[in-house]
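# Coordinate inspection notes
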There are 2 protein chains.
Amino acid sequence: MTSSNTQKIQLDHGSGGSASHQLITNLFLPTFDNPYLRQMDDSAQLTIGDNRIAFSTDTFVVSPIFFPGGDIGDLAINGTVNDIAMSGAKPLYLSVGMIIEEGFSIHSLNRILKSMKKAAQIADVQVVTGDTKVMPSKKLDGIAINTAGIGVIESDYQISANRAQVGDRIIVSGTIADHGITILTQRDNLMIEGDIQSDTASLNHLVSKLISACPDIHVLRDPTRGGITAVLNEIANQSGVEIEIQEDAVPIKPQIAACCELLGLDPFSIANEGKLISFVPESSVKQALSVMHQHKLAQKASLIGTVVSDTKSVVYVKTPIGGKRLLHMPVGDQLPRIC
Amino acid sequence: MTSSNTQKIQLDHGSGGSASHQLITNLFLPTFDNPYLRQMDDSAQLTIGDNRIAFSTDTFVVSPIFFPGGDIGDLAINGTVNDIAMSGAKPLYLSVGMIIEEGFSIHSLNRILKSMKKAAQIADVQVVTGDTKVMPSKKLDGIAINTAGIGVIESDYQISANRAQVGDRIIVSGTIADHGITILTQRDNLMIEGDIQSDTASLNHLVSKLISACPDIHVLRDPTRGGITAVLNEIANQSGVEIEIQEDAVPIKPQIAACCELLGLDPFSIANEGKLISFVPESSVKQALSVMHQHKLAQKASLIGTVVSDTKSVVYVKTPIGGKRLLHMPVGDQLPRIC
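The following paragraphs examine the structure supplied in this document.

About the cut-offs
Residues numbered from 1 in each chain as written. Chains lettered and ligands numbered in written order. Predicted model: local features only at pLDDT ≥ 70, side-chain atom pairs only at ≥ 80, totals over all residues. Heavy atoms only, no water. Helix = DSSP H or I, 4+ residues; strand = E, 2+ residues; numbered from the N terminus. Rg over C-alpha atoms; globule rule 2.2 N^0.38 Å. Buried < 20%, exposed > 50% of the residue type's maximum accessible area, 1.4 Å probe, protein only. Contact = heavy atoms within 4.5 Å. Buried area = accessible area lost by both parts, 1.4 Å probe. Salt bridge = Lys/Arg side-chain N within 4 Å of Asp/Glu carboxyl O. Polar contact = N/O pair within 3.5 Å; in protein donor to acceptor, adjacent residues only side chain to side chain. Pairing = 2+ DSSP bridges. Axes fitted to C-alpha atoms, helices over the stretch in contact; angles between N-to-C directions. Least-squares fit on C-alpha atoms with pLDDT ≥ 70 in both.

### Some words on the overall build of chain A
Along the backbone of chain A there are nine helices and 14 strands. At 19 Å, chain A has a C-alpha radius of gyration in line with the 20 Å of a compact globule built from 339 residues. With respect to the three principal axes, the spread of C-alpha positions in chain A is 55 × 55 × 50 Å. Here chain A holds 339 residues, and the buried ones make up 62% of them. Considering only contacts within chain A whose residues lie at least 6 apart along the sequence, 83% involve residues at least 24 apart.

### Some details on the interface of chain A and chain B
Put simply, an interface is often sized by how much accessible area is lost when its parts join up. Each partner contributes to the interface: chain A provides 82 residues, whereas chain B provides 82 residues. Carbon and sulfur atoms supply 69% of the area buried between chain A and chain B, which totals about 7,100 Å² over both sides. Where chain A touches chain B, the interface holds four salt bridges. Across the pair Asp58 of chain B and Lys133 of chain A runs a salt bridge, and its minimum N-O distance is 2.9 Å. In this structure, the connection of chain A to chain B is made through 22 residue pairs in polar contact (both at pLDDT 80 or more).

### Focus: the sheet that holds strand β8 (residues 169-172) of chain B
Residue and element names in this part refer to chain B. The strand order β9-β11-β8-β12-β10-β13-β14 describes an open sheet built from seven strands, whose pairing is mixed. Since the sheet does not close on itself, it has two edges, and those belong to β9 (219-221) and β14 (324-326), each with one partner. If you compare each strand with its neighbour and ignore which way they point, the axes differ by 25° on average. Across four bridges, the pairing between β8 and strand β11 (residues 277-280) is antiparallel. Bridge assignment links Ile171 to a residue of β11, and that residue is Ser278.

### A closer look at the pairing of strand β1 (residues 44-48) of chain A
Residue and element names in this part refer to chain A. What you see with β1 is a clean split: Ala44, Leu46 and Ile48 sit on the buried side and Gln45 and Thr47 on the side with no burial. Pairing of β1 with strand β2 (residues 51-60) involves five bridges; the strand directions are antiparallel. Along β2, the bridge assignment pairs Gln45 with Ala54. Taking the residues between adjacent antiparallel strands as the criterion, β1 and β2 are bridged by two residues, where Gly49 takes a positive phi near 60°.

### Quick word on the relation of the copies chain A and chain B
Superposition record for chain A on chain B: RMSD 0.0 Å, screw rotation 180°, translation along axis 0.0 Å. As the rotation angle and translation indicate, the two copies are arranged about a two-fold axis. The rotation axis passes nearest to the C-alpha of Leu140 of chain A in chain A, at a distance of 2.1 Å. Take the interface residues of chain A: 100% of them recur as interface residues in chain B, which is what a same-surface contact looks like.

Given below as structure tokens:
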């Protein structure tokens, strides 16, 4: 990307896929270049006094704002809680920055706030500071919520997307694509049979149990925008490793798989909001799966792949019939305003 | 405010005045109630390990995004740096959460990023984590930027809006209303003679010098939305004190005063983005003014008033001809999207 006068921001730049990645690596990173940002994890890992801190931010513009399984409020709390937790940190404090459109219903705002409160209670974090701006009617579609958050990394865990190693086994904590498909079916008023709802949830308590039991976990990431495809490609790039995923090992609900097939969408590239991907040494796999299966948010946790070499940065998918295809970083945005 | 189904968010709810205050005290505070939030300062003061931390957030939706003296980029950096500095903290790390409208010029984005970089360098803070969302065309007017930030309170300063005491002298660090009037004249294409530009600036280095020289400062606040009127009323309420301001002691540029008169605006209620109000014991006034006058951002620092009693929470203005009027919290929003 050059910064020519004629270039415009496109929806793809917010997709979490390759256009987002380009925007970040060509504009944001060179501008603010520093070692924290260069780490490219879900949160920055900082040192303040003797404490290791994780600091993260995320903005939520999901449409519709209320959907089966959640709303923009709990999504905003859980999203930042999860970004912090993925560094092995215990999330403690959140900020909330709201932009609200003039004319927005105070009843809806109250419903969103109640949902944020409940999510914060479940995650055991406190909202300690905030800001609210109002935009004139038609200058913003409804409401946008930014959350930023601070967590403490209590042990000497070194969990980062650049620590994947040959031999690491890859675990996903449950079924994929639930959140993205829920939003899509809501938006288009598709009448889908069966239970389809967002998986929005805070993963910090699960992570806490997981890293206590398996302190040698190398990577944790939550596959939100761009789905597991984006996250696996980012990890492959940052760690310089070759990843192999068993296609039929990846858990997906039949009704979600059916939707994806119907709509021509790749579930691997669809957003999740309550799942994590973990890279674990072979020796800890059994223990990690056991901890996850005992937790209500990870009962479908499955071993889905392996880091097979460190000769190139690439992700392959092995199909049930023995084929092998490249899993490219998603290019465009299949679903704008998914979170 | 009740949460009836029919009530709507109005522009006033984002004004920084009494409607904003109502929204916060009736909806946000009861929802997320905790001691940090109840403090109602510009930043939350937290303890992590042995460290005292200040944590703050602010969202910027200013229109136009480029204006004399600055743009939405440096405004977003300086705004959060200042909110952190007002607790006596040294700002260290910022997050940046952007929402950009599809079709937004990448050239303009680059210009904004460069401006953020420069502001961060001047304030000596690092942008360590970020997030970018793209909204479809016409769902957002241009760009909105959230910044959150962390600072460290290095000494045992106790600076808070609830610490104003009888006898405290009130200092403003320079001329008022520059930012708000600049935005207004830009927006309405008013052709005003003379140098009118935003005062956007990071105040952390000034604060650092000030609190080193006068560690007994009781209150620091930056009078942004709602101007010095809103800030003085907040301090009067939080500290339970009566404040008296000398109207003709408040510094204002003649061209800004002329604009306000022409447009029927009260400069006391107009936003500033590079000024602070400080409540200082009488014994430290001389020293505080001396430090400020030596700093390029506070050469017009002036003594403007006194805390006269703790019998009621109220702000009076004494006029040059000996009159005395109540300075009420601003009710409506004179200028939406001012920051």
